Amino acid sequence: MSENNILGVVLAGGKSKRFGEDKSSVMLDGKTLIEHTLNKIKLKFKTIAIVSNNINLKNHIIIKDCIDGQLGPLVGALSAMKWIKKNNYSFNWIATFPCDTPFFNNSLIDKFIESSKSNDSLLYFAKSEKKRHNIFGLWSIKLIETLENDITKNNHRK
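Report on the accompanying structure. Note that the coordinates shown come from a computational prediction; the quantities given were computed from them, not determined experimentally. (Residues numbered from 1 in each chain as written. Predicted model: local features only at pLDDT ≥ 70, side-chain atom pairs only at ≥ 80, totals over all residues. Heavy atoms only, no water.)

### Focus on the sheet that holds strand β7 (residues 123-128)
Turning to step 1, where the next piece is worked out: Spatially, six strands are ordered β5-β4-β1-β6-β8-β7 in an open sheet, and the strand pairing comes out mixed. Edge strands, defined here as strands with exactly one partner in the open sheet, are β5 (61-63) and β7. Here the average twist between neighbouring strands, direction ignored, is 30°.
Turning to step 2, where the next piece is worked out: Pairing analysis gives four bridges linking strand β1 (residues 6-11) to strand β4 (residues 48-51), with the strands arranged parallel. Across the sheet, the residue bridging to G8 is I48, located in β4. (Pairing = 2+ DSSP bridges. Helix = DSSP H or I, 4+ residues; strand = E, 2+ residues; numbered from the N terminus. Axes fitted to C-alpha atoms, helices over the stretch in contact; angles between N-to-C directions.)

Below you can see the structure in the form of structure tokens.
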């Protein structure tokens, strides 16, 4: 199944300060963490992009942060949305996944795809045990101006 209305986005732009090294390039069972994540989502999305300022993977769309300074995952989501608009793509949504958490349940992707069809909200996040996981998100492109204002004027980072 391939969803054409949603751009799959892997967020790999963090500084990895707490991790001690670039999280996306850490090896696990013969593959990097980002390769595990890409392999998990590639069956569900026709197009996948990676938001990163320091990754160079051949045969992948790489989007640089639209605001300098590695300001957090919201800038990654905004960067993907701006890339869609700049290139006149018809995606109405982005689904974001962190590069360093490849062991999420695949049913999350199916939930995002179903949510994109319901028009109940412009934003959906993964939840487990009543905790929201903001980096696993489904974002309507209609949020681009609100998101940019939140980042640039209200100094929101998460």
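### Focus: the side chain of S116
Turning to step 1, where the next piece is worked out: With respect to the helices and strands, S116 occurs in helix α3 (residues 107-118).
Turning to step 2, where the next piece is worked out: Here S116 is in contact with I6, W93 and L138, once residues within four sequence places are set aside. (Contact = heavy atoms within 4.5 Å.)

### Remarks on the layout of surface pockets
Turning to step 1, where the next piece is worked out: Of the volumes computed, that of the second largest pocket is approximately 300 Å³.
Turning to step 2, where the next piece is worked out: In terms of lining residues, the second largest pocket is bounded by 14 residues, among which L108, K111, A126, K127 and S128 are the most central.
Turning to step 3, where the next piece is worked out: Only α3, β7 and β8 (131-140) provide two or more residues apiece to the lining of the second largest pocket.
Turning to step 4, where the next piece is worked out: Of the residues assigned to the lining of the second largest pocket, the class counts are seven nonpolar, five polar and two charged. (1 Å grid on protein atoms, 1.4 Å probe; cavity = no way out; pocket = protein on both sides within 12 Å on 5 of 7 lines; lining within 4 Å. Points joined across faces, edges and corners; volume = space filled by probe spheres on them. Nonpolar A, V, L, I, M, F, W, Y, C, P; charged D, E, K, R; others polar.)

### A word on helix α4 (residues 144-152)
Turning to step 1, where the next piece is worked out: I144, L147 and I151 are the residues of α4 that are buried. Viewed along the axis of α4, the buried residues span an arc of 70°, placing them on a single side of the element.
Turning to step 2, where the next piece is worked out: Those residues of α4 that are buried are in contact with α2 (73-86) and β8. (Buried < 20%, exposed > 50% of the residue type's maximum accessible area, 1.4 Å probe, protein only. Arc of directions from axis to C-beta.)

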